[in-house]
Amino acid sequence: MNPESWLVTWHPGAASRPTLLCLPHAGAGCGRYRPWQDKLGDAVSVVGVQLPGREHRWSRPHPSSMDEAAAQVVDEILALTAPDQPLVVFGESFGGLFGYELTRRLGLKDRAPSALVIAACEPPHLWATTEHLRRDDDALNRLLDAGQVGMEDLDEDSREFVLDILRRDAKLVSTFVTPDEIAVPSPIHAWGGETDDIVTARHLDEWSRYTTAEFARRQFPGGHLFGTEQVPLTLPLLGSLLCSI
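Conventions adopted
Residues numbered from 1 in each chain as written. Predicted model: local features only at pLDDT ≥ 70, side-chain atom pairs only at ≥ 80, totals over all residues. Heavy atoms only, no water. Helix = DSSP H or I, 4+ residues; strand = E, 2+ residues; numbered from the N terminus. Expected span 1.5 Å × (residues − 1). Buried < 20%, exposed > 50% of the residue type's maximum accessible area, 1.4 Å probe, protein only. Arc of directions from axis to C-beta. Contact = heavy atoms within 4.5 Å. Core = buried A, V, L, I, M, F, W, Y, C linked by side-chain atoms within 4.5 Å. Pairing = 2+ DSSP bridges. Axes fitted to C-alpha atoms, helices over the stretch in contact; angles between N-to-C directions. Right-handed = clockwise from strand over helix to strand, strands pointing away.

Trainee: What is the right way to read helix α2 (residues 66-80) from this model?
Mentor: Under the 1.5 Å per step criterion, the end-to-end length of α2 is 21 Å for 15 residues, consistent within 8% with the ideal 21 Å. Burial in α2 covers these residues: Met66, Ala69, Ala70, Val73, Val74 and Ile77. Looking straight down α2, one finds that the buried residues subtend no more than 125° of arc, so they occupy a single side.

In structure tokens, the structure reads:
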């Protein structure tokens, strides 16, 4: 894997197949999506977005802003994917906000994704007041203790390492600026966990104002991390969405 690249591909023919672009929640790497390529098979390409500071990019410097990060990822997406191939963007929590910004920028370049799937993510106008990714350590420690990043059982050194990544991701969120034109031309599918007390159905419904195309909300069993905890339910839907476009 190239540590300079923001994209991780697990299919040798990514440019010639419908692509599922996956963005993980704060503090996580995209390696969690590696098994999805095997499960979805040869017909599609699963591509992960890997921010610096984790997995094979652990030594790379963190971006200074969401603008910088999005600009670099968009350039790589345009170089990797063919204009005539379907592209579905899937983002979990913080990854949903990042996925929205990528979708918006791709639309401005006449390469709008076929769909944007948001999992457990508030719409952009609520991120300024959201509490689950505040920059203070008390909030981030509570996030770890609640298991919201899936790493609740960590030794002291590992915990500090993950906290540092969360601090950087929280700083990245703080640089996000809601654009004047918020609506994207891609359909938006907003997914939520039935027992998620962080992102509720009411929050998800507010994503409807962010698209000029279709909007749909769907609830799944589980909490904030249902997107990867309920793979037997979520992944077939992503696959059928991608291949039916």
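Text resumes after the structure shown.
Trainee: Looking at this model, I keep getting lost on the environment of Lys109. Mind explaining?
Mentor: Position of Lys109 relative to the elements: it lies in the loop between α3 (94-108) and β5 (115-119). A residue is classified by how much of its surface remains accessible, and Lys109, at 45% relative accessible area, is partly exposed. The sequence separation of Lys109 and Val74 amounts to 35 residues, and the corresponding C-alpha distance is 9.6 Å. Sequence-distant contacts of Lys109, that is, excluding residues within four places in its chain, are made with Val74 and Leu78.

Trainee: Would you mind showing me how to read the nonpolar core here?
Mentor: Burial of nonpolar side chains together is a common tendency in soluble globular proteins. Judged by nonpolar contacts, the single largest core of 39 residues is most densely connected at Leu21, Phe98, Leu102 and Trp207. When contributions to this core are tallied by element, the ones reaching two or more residues are β2 (19-23), β3 (45-49), α2, β4 (87-92), α3, β5, α6 (156-174) and β6 (188-193). In this structure, Trp207 is in contact with Gly96, Tyr100, Ile118, Cys121, Glu122, Pro123, Pro124, Ile188, Ala190 and Phe215, ignoring residues within four places of it in sequence. If you look at the next biggest cluster of nonpolar residues, it comprises 23 residues, including Trp191, Phe220, Phe226 and Leu238.

Trainee: Mind showing me how you'd approach the sheet that holds β5 here?
Mentor: Two orientations exist for strands paired in a sheet by backbone hydrogen bonds: parallel and antiparallel. Taken in spatial order, the seven strands line up as β1-β3-β2-β4-β5-β6-β7 in an open sheet, and their pairing is mixed. The open sheet terminates on both sides in strands that have one partner only, identified here as β1 (7-9) and β7 (215-220). Ignoring strand direction, the axes of neighbouring strands in this sheet form an average angle of 20°. Of the strand pairs in this sheet, β5 and β6 are connected by four bridges, and their pairing is parallel. Considered in β6, the bridge of Leu116 is made with Ile188. On top of the sheet, α2 reaches β1, β2, β3 and β4; it is set at about 30° to β1, its chief contact.

Trainee: Is there a simple way to think about the pairing of β4 in this case?
Mentor: Residues in a regular strand point their side chains to alternate faces of the sheet. By the criterion of burial, β4 is predominantly enclosed, with six of the six residues buried. Of the two faces of β4, the one carrying Leu87, Val89 and Gly91 and the one carrying Val88, Phe90 and Glu92 are both buried. Note that β2 and β4 share five bridges and pair parallel. Within the sheet, the bridge partner assigned to Leu23 lies in β4 and is Gly91. Summarising the sheet, β4 and β5 pair through five bridges and their orientation is parallel. By the bridge assignment for β5, Gly91 is matched with Ile118. Once the chain exits β4 it traverses α3 before rejoining the sheet at β5, and the crossover so formed is right-handed.

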